[in-house]
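Coordinate analysis (summary)
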Amino acid sequence: MARYTGPSCRLCRRQNMELYLKGERCYTDKCAIKRRNYPPGQHGQARVKVTDYGVQLREKQKVRRIYGILEKQFRSYFQEADRMKGVTGENLLSLLERRLDNTIYRLGFASSRTEARQLVKHSHITLNGRKANIPSIIVKPGDVLELREKSRKIAVVNDSLAAVVRRGVPQWLELDKDAFKGVVKALPLREDISLPIQEQLIVELYSK
């Protein structure tokens, strides 16, 4: 199964909520879910009865789509979260938040996680002074992320940093806009994730 490359707005409409997959466009009137607030497809406006399993599956799909992760990867994260001490659902979200591509997005270097993933893959980012081009790297407290010198004039990066006030930088990260640098101060807490995610439904789904 390959990574999804279809229309991003279709995924938001499927979930019936804004997943902010297209960056700044999601904050404008061009956002598809604001214009057509119903699921995509021929039967999108039909009334459908959803089972408990369907609710759990939809929640898992939502989180997968938010972070841009394939099913096999997502299951691996869940298994790792289950082995960790603490609450499995919160551990899962903490692992997903600490992915390198998501951290770059949270710091404001990119306007979407897809854009952040591209920055990482094209070697625009350094982690603790070394080139990092693997989006799935899990960052740790004390890690320093920096935009490479040759990449600091990229227009989309500067536009995104200029608009970072709109999204805000979570408390577990620290951004130095002038130095194009970010620091991981601590592990992300549950309250740092603002999207309406019910992680317990995912735990119930995988516990069947």
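Residues numbered from 1 in each chain as written. Predicted model: local features only at pLDDT ≥ 70, side-chain atom pairs only at ≥ 80, totals over all residues. Heavy atoms only, no water.

As annotated in an unreviewed UniProt entry, the protein chain is Small ribosomal subunit protein uS4 from Geobacter argillaceus. The annotation that UniProt attaches to the protein chain under Subunit (unreviewed entry) is "Part of the 30S ribosomal subunit. Contacts protein S5. The interaction surface between S4 and S5 is involved in control of translational fidelity." In UniProt, the protein chain has this text filed under Sequence similarities (unreviewed entry): "Belongs to the universal ribosomal protein uS4 family." (UniProt positions renumbered as here; feature names shortened; annotations may be inferred.)

Helix and strand counts for the protein chain stand at ten helices and five strands. Residue burial in the protein chain is summarised as follows: out of 208 residues, 46% are buried. Pairs at least 24 apart in sequence give 56% of the contacts found in the protein chain among residues at least 6 apart. Element-wise, carbon and sulfur atoms account for 48% of the exposed surface of the protein chain, whose accessible area totals about 11,700 Å². (Helix = DSSP H or I, 4+ residues; strand = E, 2+ residues; numbered from the N terminus. Buried < 20%, exposed > 50% of the residue type's maximum accessible area, 1.4 Å probe, protein only. Contact = heavy atoms within 4.5 Å. Areas by Shrake-Rupley, 256 points an atom, 1.4 Å probe, with all protein chains shown as cover.)

Let us look at helix H8 (residues 155-162). Structural remark: α-helix, 3.6 residues per turn; residues separated by three or four positions point the same way. Within H8 the residues assigned to the buried category are Val-157, Ser-160 and Leu-161. For H8, the angular spread of buried residues about the axis comes to 100 degrees, placing them on one side. Exposed and oriented more than 90 degrees from the buried face of H8 are Asp-159 and Ala-162. On the buried face of H8, the contacting elements are helix H6 (100-107), helix H7 (113-121), strand E3 (144-147), helix H9 (164-167) and strand E4 (173-176). (Arc of directions from axis to C-beta.)

One finds Leu-100, Ile-104, Phe-109, Val-139 and Leu-145 to be the most contacted residues of the largest nonpolar core, which totals 21 residues. Elements with a minimum of two residues in this core: H6, H7, strand E1 (125-127), E3 and H8. By residue number, the principal contributor to this core is H6, which donates four residues. In this view, Leu-145 contacts Leu-100, Thr-103, Ile-104, Leu-107, Thr-126, Leu-127, Val-139, Phe-180, Lys-181, Gly-182 and Val-184; residues no more than four positions away in its chain are not counted. Among the nonpolar cores identified, the runner-up in size contains 18 residues, and Ile-66, Tyr-77, Leu-92 and Leu-96 belong to it. (Core = buried A, V, L, I, M, F, W, Y, C linked by side-chain atoms within 4.5 Å.)

This paragraph deals with the side chain of Thr-103. Position of Thr-103 relative to the elements: it lies in helix H6. Taking the relative accessible area as the measure of exposure, Thr-103 reaches 0% and is therefore buried. The contact partners of Thr-103, leaving out residues within four places of it in the chain, are Glu-97, Arg-98, Val-139, Leu-145, Trp-172 and Leu-173.

Reading across the sheet, the five strands line up as E2-E1-E3-E5-E4 and stay open at both edges, with antiparallel pairing between neighbours. A single partner strand is all that each edge strand has here, and the edge strands are strand E2 (130-131) and E4. Pairing of E4 with strand E5 (residues 181-184) involves four bridges; the strand directions are antiparallel. Opposite Leu-173, over in E5, you have Val-184 as the bridge partner. Each of E1, E3, E4 and E5 is contacted by H6, which is oriented at about 55 degrees to E4, the strand it contacts most. (Pairing = 2+ DSSP bridges. Axes fitted to C-alpha atoms, helices over the stretch in contact; angles between N-to-C directions.)

Time to look at the pattern of salt bridges. As a working rule, side chains carrying opposite charge can pair if their charged atoms are close by. For the coordinates displayed, the defined rule picks out ten salt bridges. Linking Glu-71 and Lys-60 is a salt bridge whose minimum nitrogen-to-oxygen distance equals 2.6 Å. Placement of Glu-71 in helix H4 (residues 71-83) and of Lys-60 in helix H3 (residues 52-67) is noted, with a sequence separation of eleven residues between them. Linked through salt bridges whose partners overlap, the residues forming this network are Lys-60, Arg-64 and Glu-71. (Salt bridge = Lys/Arg side-chain N within 4 Å of Asp/Glu carboxyl O.)

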